[in-house]
Amino acid sequence: MRHRLIVPSAAAACLLLAIPASAADASPGAPGVGDSYYPTSGNGGYDVSHYDLRLKYQPTSDKLEGTATLLATTTQSLSRFNLDFALDVREVLVNGKKATFAKSGAHELEVTPSAPLEKGKQISVVVRYSGTPSQVKIDGYSAWQRTPDGAVVANEPESAPWWFPSNDHPTDKATYDISVSVPEGLQAISNGVLASQSTKLGWTRYNWRSTKPQATYLTTLAVGKFDITTDTTASGLPVFSAYSKDLGENGPSAKASVERSAEVIDWGSNVFGPYPFNAVGGYVPNVKTGYALETQTRPYYSPSGFANGANVSLVVHELAHQWFGDSVSVKDWRDIWVNEGFATYAQWLWSEKEGEGTAQELADYIYDSVPADNAFWTVKPGDPGADKQFDRAVYNRGAIALQVLRNTVGDETFFKILKQWPAENKFGNASVQDFVKFSEKVSGKKLAKTFDTWLFTTSKPTTPPSPAAKTGKAAKSLKAPARPKSWKKIQESQAAHRH
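None of the values given here were measured: they were computed from a predicted structure.

**Considering the overall build of the chain**
Part 1: What the chain contains, in helices and strands, is 13 helices and 23 strands.
Part 2: For 499 residues, the compact-globule estimate of 2.2 N^0.38 gives 23 Å, and the C-alpha radius of gyration of the chain, at 25 Å, lies within 12% of that figure.
Part 3: Seen along its three principal axes, the alpha-carbon backbone of the chain occupies a region of about 100 × 60 × 40 Å.
Part 4: Going through the 499 residues of the chain one by one, you find that 56% of them count as buried.
Part 5: If you take every contact in the chain between residues at least 6 apart in sequence, the share linking residues at least 24 apart comes to 71%.
Part 6: Summing over all exposed atoms, the chain offers an accessible surface of approximately 20100 Å²; the carbon and sulfur share of this is 52%.

Pasting the structure below:
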């Protein structure tokens, strides 16, 4: 009798000991990271370190097939986790074992592994899938664009769910291997370095590799017929650019602009510090949309950005993002100013270098020519709201804030900040408040009030950005100054960048 009572108790105790405490406490990962503007973007419970994408795309049917392998580390004990994805899934494996899965909403894929996952463990996730990306809508739109000879995916803040499963938020960066098979005669363009290509049985496979941390929305793919140019920067970085063969009359102006990428990167490396990545370039597909995007190492440009001739200012904007937005990315989408204010100010510095208007003249021109009752001044660049995330105030008023900072701390300290900020936060994430604190640390000045005035007030600041106003000199005339020569191109580039 005693024996019969003891044995089951001992077995139960052994069974409990066999279950790791972390697995016993496992719970579902959050279906979003809690972003202020896009709370369902990204997911909780794990951190991705690498994506391996093996894809096959047929443009005639717009059929995409793929196998994605994600390498990740759990950040909590997980009974289930989400991936952001919108295509049809055939199979999911977690650590080599079949997992159950279900779609939830427009772009949530819920994955339940065969056994709970312990916190702090490295895991592999394999997803086999297929679909017609252009037919998929999330919040009423598709980031996937069909072209006359292929397709392009490039958009902000979301583009990944249309072509690969991911943890879709800038706070979870990873490296990438992207292998794409397309019908022979077409090319596949993506980020980083083209590691190899091969053709057999009527298909050509292109293997692209990005070895530095990269946000999901900065990962791009273009399939079509392209004219390819290659070059190197002064420092030896490979330059790879691609232009659709059917760009028409915008083709020459697009090429005259993007072909100056190496020059712009060499200039930017002197102003912002060493270029953070291992490749440079850009691509111009035959699309009808009117925006550009800072896709990492290889910005995407719409042909319409060059409709009025060469627009090097647009190239400066997208390449400046490689430091400000790509290497140093937002912590939260409300921090969009740490991307756009800096890229716009880079255009002003380029204008200054080219003798087409100084940064101060551009700041003064905007301040003097936009009336106080204009809605421009009601947008807070430091927290514009999701519906105003790409408002021109984020760009222009945001750049004025940097000119005011320059006037406040002096050129030597200002340019020290511009170099040290991307160096200290390389491959990381940062907020507006982080930049304010960093500027105060480097300059030794209290700057919170200055930034509050230019980034967070909903009215036109009473003190102009001109340093003359700060020294007690006579206020400038209310008449707007002469428009700097670069103004038109800067405005065209901003219109092309707002997406």
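**Points about helix α5 (residues 312-320)**
Part 1: Most of α5 sits out of view: 9 of its 9 residues are buried.
Part 2: Those residues of α5 that fall on the buried side of the exposure criterion are V312, S313, L314, V315, V316, H317, E318, L319 and A320.

**Considering the side chain of S179**
Part 1: Tracing the backbone through its elements, the reader meets S179 in strand β12 (residues 174-183).
Part 2: Take S179: its relative accessible area is 8%, and that puts it in the buried class.
Part 3: Within polar-contact distance, the side chain of S179 engages the side chain of R205 at 2.8 Å.
Part 4: Setting aside its immediate chain neighbours within four residues, S179 contacts L53, R54, L55, R205, Y206 and N207.

**Topic: the confidence of the model for the chain**
Part 1: Of the residues in the chain, 91% reach a pLDDT of 70 or more, and the chain-wide mean stands at 92.
Part 2: Across residues 469-478, confidence stays below pLDDT 50; counting only partners more than four residues off in sequence or on other chains, it has 8 contacts.

**Brief notes about the side chain of T147**
Part 1: Within the secondary structure layout, T147 lies in strand β10 (residues 144-147).
Part 2: According to the relative accessible area criterion, T147 is buried, its value standing at 14%.
Part 3: Among the polar contacts made by the side chain of T147, one reaches the main-chain amide nitrogen of G150 at a distance of 2.9 Å.
Part 4: In this structure T147 touches V152, V223, N286 and V287, once residues within four positions along its chain are discounted.

**Things to note about helix α10 (residues 432-443)**
Part 1: Taking 1.5 Å per residue, 12 residues should reach 16 Å; α10 reaches 17 Å between its end C-alpha atoms and fits that length.
Part 2: Buried within α10 are the following residues: V432, F435, V436, F438, S439 and S443. Axial view of α10: buried residues confined to an arc of 165°, hence all on one face. Every exposed residue of α10 that faces more than 90 degrees away from the buried side is listed here: K437 and K441.
Part 3: Summarising the contacts, the buried residues of α10 are in contact with α6 (337-354), α8 (392-409), α9 (411-424) and α11 (448-456).
Part 4: Once α10 ends, the next one or two residues include G444, with phi positive near 75°.

**Remarks on empty space enclosed by the protein**
Regions of empty space are outlined by a rolling probe, equal in size to a water molecule, passed over the atoms.
Part 1: If you walk through the whole model with that rule in mind, you get 2 cavities of 30 Å³ or more.
Part 2: Lining the largest cavity, in full, are Y46, V48, L70, A72, F81, L83, I123 and V125.
Part 3: Only β2 (46-58), β3 (63-74), β4 (78-84) and β9 (122-131) provide two or more residues apiece to the lining of the largest cavity.
Part 4: Residues belonging to the lining of the largest cavity are distributed by class as follows: 8 nonpolar, no polar and no charged.

**Describing the sheet that holds strand β15 (residues 203-214)**
Part 1: As summarised here, the arrangement of the 8 strands in space is β6-β5-β9-β3-β2-β12-β15-β14, forming an open sheet in which the pairing is mixed. This sheet does not close on itself; its edge strands, each paired only once, are β6 (97-98) and β14 (193-200).
Part 2: Taken together, the 2 bridges between strand β5 (residues 88-94) and β6 define a ladder with antiparallel strand orientation. Bridging across to β6, L93 finds its partner in K98.

**Observations regarding the packing of α8 against α11**
Part 1: The geometry of α8 relative to α11 is characterised by a closest axis approach of 9 Å and an angle of 160° between their N-to-C directions. Judged by the inter-axis angle, α8 sits roughly antiparallel to α11. Every pair of crossing elements has a handedness; the one defined by α8 and α11 is right-handed. Contact residues: α8 offers R397, G398, I400, A401, V404 and L405, while α11 offers T450, F451, T453, W454 and L455.
Part 2: Grouping the constituent residues of the contact of α8 with α11 by class yields 7 nonpolar, 3 polar and 1 charged.

**With respect to the nonpolar core**
Nonpolar side chains in soluble globular proteins tend to be buried together.
Part 1: One finds W163, F272, W337 and W348 to be the most contacted residues of the largest nonpolar core, which totals 138 residues.
Part 2: The biggest single contributor to this core is α8, with 10 residues.

**Observations regarding the layout of surface pockets**
Part 1: Of the pockets and cavities examined, the largest pocket occupies roughly 270 Å³.
Part 2: Every residue lining the largest pocket is counted, 15 residues in all, and those nearest its centre are Y38, D139, Y141, P157 and E158.
Part 3: In terms of residue class, the lining of the largest pocket is built from 6 nonpolar, 6 polar and 3 charged.

**Observations concerning the packing of α6 against helix α7 (residues 359-369)**
Part 1: Between α6 and α7, whose axes approach to 8 Å, the crossing angle comes to 125°. Taken together, the axes of α6 and α7 lie oblique to each other. Note on element contacts: α7 touches α6 through A359, Q360, L362, A363 and I366, opposite Y345, W348, S351 and E352.

**Topic: the pairing of strand β16 (residues 221-224)**
Part 1: The side-chain alternation of β16 yields two buried faces, one formed by L221 and V223 and the other by A222 and G224.
Part 2: With 3 bridges joining them, strand β11 (residues 150-153) and β16 adopt antiparallel strand pairing. Its bridge partner being in β16, V153 is matched across the sheet by L221.
Part 3: As paired strands, strand β13 (residues 187-189) and β16 are joined by 3 bridges and run antiparallel to one another. Across the sheet, the residue bridging to A188 is V223, located in β16.

**Details of the pairing of strand β7 (residues 100-104)**
Part 1: Sheet topology places β7 next to strand β8 (residues 108-112); 5 bridges connect them, and they run antiparallel. Residue S104 lies in a different strand from β8, and its bridge partner there is E108.

**Thoughts on the sheet that holds β8**
Part 1: Spatial ordering of the open sheet is given by β1-β4-β8-β7, a layout of 4 strands whose pairing is mixed. The strands lining the two open edges of the sheet, one partner per strand, are β1 (27-28) and β7.

What counts and what doesn't
- Residues numbered from 1 in each chain as written.
- Predicted model: local features only at pLDDT ≥ 70, side-chain atom pairs only at ≥ 80, totals over all residues.
- Heavy atoms only, no water.
- Helix = DSSP H or I, 4+ residues; strand = E, 2+ residues; numbered from the N terminus.
- Rg over C-alpha atoms; globule rule 2.2 N^0.38 Å.
- Buried < 20%, exposed > 50% of the residue type's maximum accessible area, 1.4 Å probe, protein only.
- Contact = heavy atoms within 4.5 Å.
- Areas by Shrake-Rupley, 256 points an atom, 1.4 Å probe, with all protein chains shown as cover.
- Polar contact = N/O pair within 3.5 Å; in protein donor to acceptor, adjacent residues only side chain to side chain.
- pLDDT = per-residue confidence, 0-100.
- Expected span 1.5 Å × (residues − 1).
- Arc of directions from axis to C-beta.
- 1 Å grid on protein atoms, 1.4 Å probe; cavity = no way out; pocket = protein on both sides within 12 Å on 5 of 7 lines; lining within 4 Å.
- Points joined across faces, edges and corners; volume = space filled by probe spheres on them.
- Nonpolar A, V, L, I, M, F, W, Y, C, P; charged D, E, K, R; others polar.
- Pairing = 2+ DSSP bridges.
- Axes fitted to C-alpha atoms, helices over the stretch in contact; angles between N-to-C directions.
- Parallel < 35°, antiparallel > 145°, perpendicular 65-115°, else oblique.
- Left-handed = near helix turned anticlockwise from the far one by under 90°.
- Core = buried A, V, L, I, M, F, W, Y, C linked by side-chain atoms within 4.5 Å.

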